[in-house]
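Listed below, chain by chain, are the residues.
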Amino acid sequence: MSGAGEVKRVFVATDHGAVELKQDLVAWIRTRHGLEVVDFGVHGSDAVDYPDLAATLCQALLAGGPGDRGILLCGTGIGMSMAANRWSGIRAALCHDEFGARLSRQHNDANVLVLGGRVTGVAVARAMVDVWLREPFEGGRHQRRLDKLEHPGAVRPA
Ligand code: RB5
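Let us look at the structure shown here. All figures in this text were calculated on a predicted structure; none of them were measured in a lab.

### Let's talk about the overall build of the protein
So, step 1. Assigned secondary structure in the protein consists of six helices and five strands.
So, step 2. The secondary structure elements of the protein, listed N-terminal to C-terminal, are β-α-β-α-β-α-β-α-β-α-α.
So, step 3. Here the C-alpha atoms of the protein give a radius of gyration of 15 Å, agreeing with the 15 Å that 2.2 N^0.38 yields for 158 residues.
So, step 4. Here the protein holds 158 residues, and 47% of them are scored as buried.
So, step 5. Within the protein, contacts between residues separated by at least 24 positions form 72% of all contacts whose residues are at least 6 apart in sequence.
So, step 6. Between the centroid of the 18 positive side chains of the protein and the centroid of its 18 negative side chains there is a distance of 8 Å.

This is the structure we're talking about:
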């Protein structure tokens, strides 16, 4: 479940808003990175509800091991990021550029990358996936902040 360490397996899911981008990234991760990819769909253009796909992926990720990560897609990425971050232990980062993707690993230990198929092109998405899969979490002061995310009731407002 943790994003720390080497990535071994990537769970991927999309709603109908990013099927083409999802298909491209599944192939990209398999060929470019040689990683196991579990593709939860969807595969067609029939409308589905993004919280359902987010739930499938988040449950699998939370039940998985330390080498597991998730990638969620929808039209904008907004709905998927909202849905995924409702799950305790999931740190989903909606990213639009390499800088955000890198920092989401270094500072936020994001275990789910969220992309929008209607706002992000294939080349930028591949580049984000590349940095996101290899960047380590820096820990230190960032771990303290992540701990606060998991226990919001214990956080004393500044
Ligand atoms: C589906 O039309 C669209 O709302 C969805 O893919 C996503 O963009 C929601 O945030």
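### A closer look at the nonpolar core
So, step 1. By size, the foremost hydrophobic cluster in this structure holds 25 residues, and its most contacted members are Val-10, Ile-29, Ile-71, Leu-73, Leu-115, Val-129 and Leu-133.
So, step 2. Going through the elements one at a time, β1 (9-14), α1 (19-33), β3 (68-74), β5 (112-116) and α5 (122-134) are the ones with two or more residues in this core.
So, step 3. Considering every element that reaches this core, the biggest residue donor is α5, with six residues.
So, step 4. Core analysis: the second largest hydrophobic core is formed by 18 residues, Ala-13, Val-19, Ala-54 and Cys-74 among them.

### Quick look at the side chain of Asp-130
So, step 1. Note that Asp-130 resides in helix α5.
So, step 2. No salt bridge is formed by the buried Asp-130. Its closest oppositely charged neighbour is Arg-32, at 4.3 Å.
So, step 3. For Asp-130, the contacting residues outside a window of four places in its chain are Trp-28, Arg-32 and His-33.

### Considerations on α1
So, step 1. Taking 1.5 Å of rise per residue, 15 residues should cover 21 Å, and α1 covers 20 Å from first to last C-alpha, within 8% of that figure.
So, step 2. Against the buried residues of α1 lie β1, β2 (36-39), β3, β5 and α5.
So, step 3. Gly-34 lies just past α1 and shows a positive phi near 65 degrees.

### Examining the site of the ligand
So, step 1. Taken together, Asp-15, His-16, Tyr-50, Cys-74, Gly-75, Thr-76, Ile-78, Gly-79 and Arg-118 make up the full set of residues adjacent to the ligand.
So, step 2. Contacts to the ligand include Arg-118, whose side-chain N or O atom sits 3.4 Å from an oxygen atom.
So, step 3. In isolation the ligand exposes 290 Å². Once the protein is present, 73% of that is buried.
So, step 4. In terms of residue class, the shell around the ligand is built from three nonpolar, four polar and two charged.

### Some thoughts on the sheet that holds β3
So, step 1. Taken together, five strands build an open sheet; the order of strands is β2-β1-β3-β5-β4 and the sheet is parallel. This sheet does not close on itself; its edge strands, each paired only once, are β2 and β4 (92-94). Recorded for the sheet is a direction-independent mean angle of 20 degrees between the axes of neighbouring strands.
So, step 2. Bridge count for β1 against β3 is six bridges, and the pairing is parallel. Along β3, the bridge assignment pairs Arg-9 with Asp-68.

### Remarks on helix α4 (residues 98-106)
So, step 1. Every buried residue of α4 is accounted for by Ala-101, Leu-103, Ser-104, Arg-105 and Gln-106.
So, step 2. Residues of α4 that are buried sit in contact with β3, β4, α5 and α6 (141-150).

Conventions and cut-offs
Residues numbered from 1 in each chain as written. Predicted model: local features only at pLDDT ≥ 70, side-chain atom pairs only at ≥ 80, totals over all residues. Heavy atoms only, no water. Helix = DSSP H or I, 4+ residues; strand = E, 2+ residues; numbered from the N terminus. Rg over C-alpha atoms; globule rule 2.2 N^0.38 Å. Buried < 20%, exposed > 50% of the residue type's maximum accessible area, 1.4 Å probe, protein only. Contact = heavy atoms within 4.5 Å. Lys, Arg positive; Asp, Glu negative; His and termini not counted. Charge placed at Lys NZ, Arg CZ, Asp CG, Glu CD. Core = buried A, V, L, I, M, F, W, Y, C linked by side-chain atoms within 4.5 Å. Salt bridge = Lys/Arg side-chain N within 4 Å of Asp/Glu carboxyl O. Expected span 1.5 Å × (residues − 1). Near = heavy atom within 4 Å. Polar contact = N/O pair within 3.5 Å; in protein donor to acceptor, adjacent residues only side chain to side chain. Areas by Shrake-Rupley, 256 points an atom, 1.4 Å probe, with all protein chains shown as cover. Nonpolar A, V, L, I, M, F, W, Y, C, P; charged D, E, K, R; others polar. Pairing = 2+ DSSP bridges. Axes fitted to C-alpha atoms, helices over the stretch in contact; angles between N-to-C directions.

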